[in-house]
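# Residue-level structure breakdown
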Amino acid sequence: MKYQLPTLSYNYDALEPYIDKKTMEIHYTKHHQTYVNNTNLALKNNKFINYTIEELLKNLNDIPHDKRNFLRNNAGGHFNHSIFWKILKKNTILNGNLKKAIEKNFKNFSLFKENFETAALTHFGSGWTWLVKKNNKLNIVCTNNQDNPLMGDNICGVNGFPIFGIDLWEHAYYLKYQNQRFEYIKAFWNVINWDEAELRFKL
Ligand code: MN
């Protein structure tokens, strides 16, 4: 099988109390694993199995119509979660180039935070809110379901390179926060891995 669940570089309880152990375990071993399994299943004996996950998402229109939507959801889910685990870590500090760029694009960090929170809170249903980079400008965008900004305007209505994103599916927070999406969004600021975000900003 080609696509694989990436190794988690921390324990399930590493993000407590902001993201609880049980949620992490189910999210990673069940939800993400299912996206991986489904992607492999759909691409069995298909030349697209040789694409990297990014190539697959950037070229969804090349995929046969009968598999396109299934892969949009499942390969998208695999990619989104692979980013998500990497951009989570406690006790890192926003610094360097990304800090400067956020202040340049959003005036200051508080305004950026406010805009990001509003976008995430008001996004209807399942999806993601992202900080993306495009032509060295930063934007906050939302995608539905497991869409990713790399899929581009024609497919998901937005575009850009994702620096980090918050998973807004209830499976990401319901065990701990129930319907309190805003509490989860506020807690998210404590677990953003700013070191990884800086690395992605430089890509
Ligand atoms: Mn998820």
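Right, let's walk through the structure included here.

Basis of the calculations
- Residues numbered from 1 in each chain as written.
- Predicted model: local features only at pLDDT ≥ 70, side-chain atom pairs only at ≥ 80, totals over all residues.
- Heavy atoms only, no water.
- Helix = DSSP H or I, 4+ residues; strand = E, 2+ residues; numbered from the N terminus.
- Expected span 1.5 Å × (residues − 1).
- Bend = angle between axes of the 7 residues up to and from the residue.
- Core = buried A, V, L, I, M, F, W, Y, C linked by side-chain atoms within 4.5 Å.
- Buried < 20%, exposed > 50% of the residue type's maximum accessible area, 1.4 Å probe, protein only.
- Contact = heavy atoms within 4.5 Å.
- Phe/Tyr/Trp six-rings, centres within 6.5 Å; stacked < 30°, edge-to-face > 60°.
- Axes fitted to C-alpha atoms, helices over the stretch in contact; angles between N-to-C directions.
- Left-handed = near helix turned anticlockwise from the far one by under 90°.
- Nonpolar A, V, L, I, M, F, W, Y, C, P; charged D, E, K, R; others polar.
- Pairing = 2+ DSSP bridges.
- Polar contact = N/O pair within 3.5 Å; in protein donor to acceptor, adjacent residues only side chain to side chain.

### Structural notes on helix 3 (residues 65-86)
An ideal rise of 1.5 Å per residue puts 32 Å on 22 residues; helix 3 measures up with 32 Å between its terminal C-alpha atoms. When the local axis directions of helix 3 are compared, the greatest deviation, roughly 40°, occurs at Leu71.

### Examining the nonpolar core
By size, the foremost hydrophobic cluster in this structure holds 61 residues, and its most contacted members are Leu88, Leu98, Phe164, Phe188 and Trp194. It is helix 3 that contributes the most residues to this core, six residues altogether. In this structure, Trp194 is in contact with Thr92, Ile93, Leu94, Leu98, Ile102, Phe109, Phe112, Phe164 and Trp189, ignoring residues within four places of it in sequence.

### Notes on the packing of aromatic side chains
One pass over the full model with this rule turns up 22 aromatic pairs. Measuring from ring centre to ring centre gives 6.5 Å for Phe84 and Phe188, while their planes differ by 10°; the resulting arrangement is stacked. Here Phe84 is found in helix 3, whereas its partner Phe188 is found in helix 8 (residues 181-188), with 104 residues between them in sequence. Of the two residues examined, Phe84 and Phe188, each falls in the buried class. Where Phe112 meets Phe164, the ring centres are 6.5 Å apart and the plane angle is 80°; that geometry is what we call edge-to-face. Remark: Phe164 occurs in strand 3 (residues 161-167) and Phe112 occurs in helix 5 (residues 109-122); sequence separation between them is 52 residues. With respect to burial, Phe112 and Phe164 carry one shared label: buried.

### Quick notes on the packing of helix 5 against helix 8
Each pair of packed helices can be described by the angle between their axes along with the distance between the axes. In contact at an axis separation of 10 Å, helix 5 and helix 8 are set at 145° when each is read in the N-to-C sense. For the pair helix 5 and helix 8, the crossing hand works out as right-handed. Between helix 5 and helix 8, the residues in contact are Phe116, Glu117, Ala120 and Leu121 and Arg181, Phe182, Ile185, Lys186 and Phe188, respectively. Of the residues belonging to the contact of helix 5 with helix 8, the class tally is six nonpolar, no polar and three charged.

### A word on the sheet that holds strand 2 (residues 137-144)
Pairing is antiparallel across the open sheet formed by three strands, whose spatial order is 2-1-3. Pairing within the sheet leaves two strands with one partner each, and these edge strands are strand 2 and strand 3. The mean inter-strand angle of the sheet, taken between neighbouring strand axes irrespective of direction, is 25°. Where strand 1 (residues 127-134) lies against strand 2, eight bridges are found, and the strand directions are antiparallel. Residue Val132 lies in a different strand from strand 2, and its bridge partner there is Asn139.

### Observations regarding the environment of Lys134
As for its position among the elements, Lys134 is in strand 1. What makes Lys134 partly exposed here is its relative accessible area of 38%. Lys134 sits 27 residues away from Phe161 along the chain, and the two C-alpha atoms are 6.4 Å apart. Not counting chain neighbours up to four residues away, the residues in contact with Lys134 comprise Asn159 and Gly160. A polar atom in the side chain of Lys134 sits 3.5 Å from the side chain of Asn159.

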